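A structural walkthrough
The residues making up each chain are set out below.
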Amino acid sequence: MAAPYAHAQSMFFPGPGASVAASFTPPAVVNYTGLAPANGSGGGTTPAISTTGATMLSCAVYAQQQSATTCTVSDSLGNTWSHLNNYGNNSYYSNTALWYAWQHGGGALAVGASDTFTYSCGSTWESAISCAAFSGTLTTSDPYDTPNQNGNNGTGWVSSIQPGSTTPSQNNSLVLSAVGAYGGSTLTINVGFTPYVYTSGSGNDPWAGLAWLPQSTIAAVNPTWLAGGVDELSASIASFKTH
């Protein structure tokens, strides 16, 4: 996996009488974890990670033959979770959705040295989840950059998939892409995204991939997820605000 995003912040020294703009910290990944339980299990709990310093949590959920938005997602610190649209087909092998949390019961996001993520997709045959904590996102209101989501339901067994194009509404946005896959051996993504992909590593694996791109200047982006073989794929993309 590529190294986490880093950005050197320039310094501005105003002259006499000039107003001073609030300092800006670019969005960055804090930590990540995932889970892909054995066949026949529709959910579980990830290993714990530190989310200290995070302002938003996000998970890519893969569900087989049901919408990934019919699953439930929570974390051990009790944050409030929302989901974007499912992409795939309820009777299709690969369904995926982006979930995220930015607040805790109307207050600030709860973070700490140990946080786990629990999901349940009921009776689905196979499922997987990849989660990450991010810093630098908007905290005063929902950071989701409505309506900047796109997705691809997939067309069957393919070796690559694009979620579709999205254009953030502001500079210094955080763009996330989720992918769900059934089968294959690897999943990678291009155009500067950093991926975290979780799979069980046995048989026709369920895969859940989450990738992030801190985008400094507004531009349309439509990455390609590349599979190591021919997979059942579905994908989505969305942008999140930082100010």
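Look above for the structure.
No experiment lies behind these values; they were computed from the predicted model shown.

Parameters and conventions
- Residues numbered from 1 in each chain as written.
- Predicted model: local features only at pLDDT ≥ 70, side-chain atom pairs only at ≥ 80, totals over all residues.
- Heavy atoms only, no water.
- Helix = DSSP H or I, 4+ residues; strand = E, 2+ residues; numbered from the N terminus.
- Buried < 20%, exposed > 50% of the residue type's maximum accessible area, 1.4 Å probe, protein only.
- Polar contact = N/O pair within 3.5 Å; in protein donor to acceptor, adjacent residues only side chain to side chain.
- Contact = heavy atoms within 4.5 Å.
- Core = buried A, V, L, I, M, F, W, Y, C linked by side-chain atoms within 4.5 Å.
- Lys, Arg positive; Asp, Glu negative; His and termini not counted.
- Salt bridge = Lys/Arg side-chain N within 4 Å of Asp/Glu carboxyl O.
- Pairing = 2+ DSSP bridges.
- Axes fitted to C-alpha atoms, helices over the stretch in contact; angles between N-to-C directions.

Another aspect to go through is the environment of T70. Note on placement: T70 falls in the loop between β3 (56-63) and β4 (72-75). Take T70: its relative accessible area is 51%, and that puts it in the exposed class. Taking the C-alpha atoms as reference points, T70 and C121, separated by 51 residues in sequence, lie 6.8 Å from one another. Of the polar contacts made by the side chain of T70, one reaches the side chain of Q66; its length is 2.8 Å.

Turning our attention to the environment of D115. Along the polypeptide, D115 turns up in the loop between β7 (107-108) and β8 (117-120). For D115, a relative accessible area of 0% puts it in the buried group. The sequence separation of D115 and L77 amounts to 38 residues, and the corresponding C-alpha distance is 6.3 Å. Here D115 is in contact with P47, A48, I49, T51, L57, D75, S76, L77 and N79, once residues within four sequence places are set aside.

So, about the nonpolar core. L57, C59, V61 and W81 are the most contacted members of the largest nonpolar core, which totals 21 residues. Mapped by element, the contributors of at least two residues to this core are β3, β6 (95-104), β8 and β9 (127-135). If we skip the residues at most four places from it in the chain, V61 touches A68, C71, V73, N95, T96, A97, W99, Y119, C121, A128 and I129. Counting 18 residues, the second largest nonpolar core, distinct from the first, contains M56, L98, A132 and A178.

Another point: the side chain of E232. One can find E232 in strand β16 (residues 225-240). No salt bridge is formed by the buried E232, whose closest oppositely charged neighbour, K241, lies at an N-O distance of 34 Å. A distance of 3.0 Å separates a polar atom in the side chain of E232 from a polar atom in the side chain of W157. Setting aside anything within four residues of it in sequence, one finds E232 in contact with Y92, Y93, S94, G156, W157, G180, A181 and Y182.

We now examine the sheet that holds β8. Strands sit in the order β2-β8-β4 across an open sheet of three strands; the sheet is antiparallel. Two strands close off the open sheet at either side, each with one partner strand: β2 (43-45) and β4. Shown here is a sheet whose adjacent strand axes are inclined to one another by a mean of 15°, direction ignored. Direction of pairing for β4 relative to β8: antiparallel, over a ladder of four bridges. In the sheet register, T72 faces β8, and the bridge partner there is S120.

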